[in-house]
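Next come the chains, spelled out residue by residue.
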Amino acid sequence: MVHLSLVSINRNNAAGLEKTMQSVASQTFKEFEYIIIDGASTDDSVDVIRKYEPKFACLKWISEPDSGIYNAMNKGLRNATCDYIQILNSGDSLASNDVIEKMLAALEKLEYPSVLYGNMIKCFPDGRRMVDKGFAGQEITMLGMFTGTLNHNPVYIRRDLFEKYGYYDENLKIVSDWKWYLQAIILGDEKPQYVDLNVTLFDMTGISETNKKLDKEERNAVLEQMFPHTVLADYERFASPIDMIKRLQRHPWAYKMVWFLERCLFKLEKVKRKKNQFSKYE
């Protein structure tokens, strides 16, 4: 039987941790390992852990200082013993009471891929919800990762991949999971599988312009570290136009109009070049 290690990290978010633990405790499937890494919280977080502890067949937890979010995640990964790992941080929750059971069934049906992901429901402060299907089963390419990412919390990752590709880079504050995906999926050629299943609810409250700015800065630093400039130059120049073309292709009439305009402009340029060539020999 395939087993799951579910990891939650927390620091001074007792209310969020209780929401997370309650959703995990409500699962119909109980035979999983639950690991909580608390960063020496000074609020009621430890009391919340103790309150819910009897509800789990296997709960491991520690409360001690850490050096950041990815240091805490790595602690959880190193304490995990099961075949697959899911990271569900405090404040987020599982989308339904039977989602672990369904994800494990999908793993078996798909013959245990190295990475399995589902949908993440984004929960906004004003009450709006949006289903984010990520790549939704499409091939994950360098272009896709250059402009986006694979959502982190609705993903089951085979534990031995962290031994193969390393753990999360603790020098990064916000994009280390994205860097790990680049190493495993783009450079390592792992083939994630997708199941159209709502797996997690993601709290969007903490998303800010500051986070977006840091995300961009760290992404650029990672790309410069991992890829030569000769490769990145084309991505930096053409990633946005290619994304625009993909959006246009969803609307055939608009795509045909743009295609026709491009052909006309190209032919005009071609005629001008020929005229210039002939004029040189006159």
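The following refers to the structure shown. The residue numbers shown here count from 1 along each chain, following its written sequence. Under the rules for a predicted model, residues below a pLDDT of 70 receive no local features and side-chain atom pairs below 80 are neither given nor counted, while totals for whole chains, interfaces and linings still include all residues. With hydrogens and water excluded, all non-hydrogen atoms of the structure serve as input to the side-chain values.

With respect to the environment of Met 244
Stated formally: Comment: elements are numbered from the N terminus, with helices defined as DSSP H or I runs of at least four residues and strands as E runs of at least two. We call a residue buried when its accessible area falls under 20% of the maximum for its residue type, exposed when it is over 50%, and partly exposed in between, using a 1.4 Å probe and counting protein chains only.
Structurally, Met 244 can be placed in helix H9 (residues 229-249). By relative accessible area, Met 244 is classed as partly exposed at 42%. In the structure, Met 244 is positioned 225 residues away from Lys 19 in sequence and 39 Å away in space, judged by C-alpha atoms.

Concerning the packing of helix H1 (residues 14-25) against helix H2 (residues 45-52)
Just so we agree on the cut-off: To get an axis, fit a line to the C-alpha atoms, keeping to the stretch in contact for a helix; angles then go from 0 to 180 degrees between the N-to-C directions. What sets the label is the angle itself: under 35 degrees gives roughly parallel, over 145 gives roughly antiparallel, 65 to 115 gives roughly perpendicular, and the rest give oblique. Less than a right angle of anticlockwise turn of the near helix away from the far helix marks a crossing as left-handed, whereas a clockwise turn marks it as right-handed. We call two residues in contact whenever any of their non-hydrogen atoms come within 4.5 Å of each other.
Closest axis-to-axis distance for the H1/H2 pair is 9 Å, and the angle between their directions is 20°. It follows from the interaxial angle that H1 and H2 lie roughly parallel. Relative to H2, H1 is oriented so that their crossing is right-handed. Residue-level contacts link Ala 14, Leu 17, Glu 18, Met 21 and Gln 22 of H1 to Ser 45, Val 48, Ile 49, Lys 51 and Tyr 52 of H2.

Considerations on the pattern of salt bridges
Quick note on the threshold: Salt bridge, as used here: a side-chain nitrogen of Lys or Arg that lies within 4 Å of a carboxyl oxygen of Asp or Glu.
The tally for this structure, following the rule as stated, stands at 13 salt bridges. The partner of Lys 164 in a salt bridge is Glu 190, and the shortest N-O contact between them spans 3.3 Å. In this pair, Lys 164 sits in helix H6 (residues 160-165) while Glu 190 sits in the loop between helix H7 (176-187) and strand E9 (193-203), placing the two residues 26 residues apart along the sequence. The exposure class assigned to Lys 164 is exposed, which follows from its relative accessible area of 57%. Of the residues examined, Glu 190 reaches a relative accessible area of 11% and is grouped as buried. Here Asp 215 ties to Arg 219 by a salt bridge, and the two come within 3.0 Å at their closest N and O atoms. Taken as a pair, Asp 215 and Arg 219 lie in helix H8 (residues 209-226) at a separation of 4 residues, close to a single helical turn. Look at Asp 215 and you get partly exposed, because its relative accessible area is 25%. The class for Arg 219 is buried, based on a relative accessible area of 13%.

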